[in-house]
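As a plain string of letters, each chain reads:
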Amino acid sequence: MFNIKIFKKLFVLGIIGSLFLLLLVFFLRQETYDLSLPGKLYVVNKKSCDLSIYDLENGKLLKTIPIPVEPHELVCVDNKYIVVTNYGNKKITGHELSVVDVRTDEIKMQIPLGIDKPHDVTLVDDEGSLVATVSDESNEIVITDVENGNRLRNIFTEQNYSHLLATNNDSIIFVSNMSSGSVSVINLRRSEEHTSEL
């Protein structure tokens, strides 16, 4: 008939199992949140050679734009353009910037830079259409006006493996030189360059 000892054991095992499942669900569940921000997010996809555009309010993919050569970095210029470096890979060497018009989400132009493997890109100032691009192949920076596609100036860091850029948005550019273990500071207004070892 009815065995109370077996019932108690099954009841305790049921409670322990339920607690285990609750703890498992608690620790394994993925965090979700709602951004609900206006605007779009642009994401560079190196391996698939494209640029994904997402709606920040609902998180949905709006569009994917093919980039001719493997892209690496991007910067937004004056809320009008997304500028993408066409770096390349072991088989194809990039030489250009892709300029995407944010109103149409189409490539407006390809700007040939005259350098191999443009890696990083940053704004030169926060009021204009000038960007700086660095090549870790030739260790030089190219200043370009993305409004009209004109290359304005080339600056050599005279360091090894110049890779990443930062700016104070007032014509001062900082360049990390990985193999040299240094940072170059370039003042575009005064045409000065200083390099400090790390």
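Here's what I pulled together on the structure shown here. Each chain has its residues counted from 1, following the order in which its sequence is written. With the structure being a predicted model, the display of local features is reserved for residues of pLDDT at least 70 and the display and counting of side-chain atom pairs for 80 or more, all residues being used for whole-chain, interface and lining totals. The side-chain quantities take in all heavy atoms of the structure and omit both hydrogens and water.

Observations regarding the overall build of the chain
Part 1: Counting its regular elements, the chain contains one helix and 15 strands.
Part 2: With a 1.4 Å probe rolled over the protein chains alone, any residue whose accessible area is under 20% of its type maximum counts as buried; one over 50% counts as exposed, and the rest are partly exposed. Across the 198 residues that make up the chain, the buried fraction comes to 38%.
Part 3: Whether two residues touch is decided by their heavy atoms; if any such pair falls within 4.5 Å, the residues are in contact. Summarising the internal contacts of the chain: among those between residues at least 6 apart in sequence, 32% fall at separations of at least 24.
Part 4: Counting only carbon and sulfur atoms, one obtains 56% of the accessible surface of the chain, whose full area is about 12,200 Å². Here a helix means four or more residues in a row that DSSP labels H or I, a strand means two or more in a row labelled E, and each is numbered from the N terminus. Note on areas: Shrake-Rupley with a 1.4 Å probe; residue coverage comes only from the protein chains shown.

A closer look at the pairing of strand β8 (residues 118-123)
Part 1: Of all six residues making up β8, six are buried, and the element is well covered by its neighbours.
Part 2: Bridge count for β8 against strand β9 (residues 130-135) is five bridges, and the pairing is antiparallel. Looking across to β9, one finds that L123 is bridged to V131.
Part 3: Between β8 and β9, which pair antiparallel in sequence order, lie six residues. Two strands qualify as a pair provided DSSP detects at least 2 bridges between them.

Examining the pairing of strand β1 (residues 40-45)
Part 1: Sheet topology note: the β1/strand β2 (residues 50-55) ladder contains six bridges and is antiparallel. Bridge pairing in β2 links N45 to D50.
Part 2: Following β1, the chain reverses through four residues before pairing antiparallel with β2; C49 in that reversal takes a positive phi of roughly 55 degrees.

Quick look at unusual backbone geometry
Part 1: In the Ramachandran plot, N79 falls in the positive-phi region, its phi being about 55 degrees despite a non-glycine side chain.
Part 2: Considering the arrangement of structural elements, one finds N79 in the loop between β4 (71-77) and β5 (81-88).
Part 3: Given a relative accessible area of 66%, N79 falls into the exposed group.
Part 4: One non-glycine residue, K117, lies in the positive phi region at around 55 degrees.
Part 5: Along the chain, K117 falls in the loop between β7 (106-112) and β8.

Side note on the side chain of H119
Part 1: Mapped onto the secondary structure, H119 falls in strand β8.
Part 2: Polar side-chain contacts of H119 include one of 3.4 Å to the side chain of H72.
Part 3: Among residues more than four places away in sequence, those in contact with H119 are H72, E73, T85, Y87, V134, D136, H163 and L164. Any pair of nitrogen or oxygen atoms within 3.5 Å is treated as a polar contact; in protein, a donor-acceptor pairing is required on top of that, and neighbouring residues in sequence qualify only through side-chain atoms on both sides.

A closer look at the sheet that holds β5
Part 1: Within the open sheet, the four strands sit side by side as β4-β5-β6-β7. Their pairing is antiparallel. The two strands at the open ends of the sheet, each matched to only one other strand, are β4 and β7. Shown here is a sheet whose adjacent strand axes are inclined to one another by a mean of 25 degrees, direction ignored.
Part 2: Direction of pairing for strand β6 (residues 93-101) relative to β7: antiparallel, over a ladder of six bridges. The angle between two axes is taken between their N-to-C directions and runs from 0 to 180 degrees, where each axis is a line fitted to C-alpha atoms and a helix contributes only its stretch in contact.

Some points on the nonpolar core
Part 1: Core analysis: the largest hydrophobic core is formed by 15 residues, its most contacted members being V75, V77, V83, I111, V131 and V146.
Part 2: Elements represented by at least two residues in this core include exactly β4, β5, β6, β7 and β8.
Part 3: The contact partners of I111, leaving out residues within four places of it in the chain, are H95, E96, L97, V99, T144, D145, V146 and G149. Here, nonpolar core means buried Ala, Val, Leu, Ile, Met, Phe, Trp, Tyr and Cys residues that are tied together by side-chain atoms lying within 4.5 Å of each other.

Some thoughts on the sheet that holds strand β10 (residues 140-145)
Part 1: Strand order in the open sheet formed by four strands is β8-β9-β10-β11, and the pairing between neighbours is antiparallel. Unpaired on one side and paired on the other, β8 and β11 (150-156) mark the two borders of the sheet. The average angle at which neighbouring strand axes cross in this sheet is 25 degrees, direction not considered.

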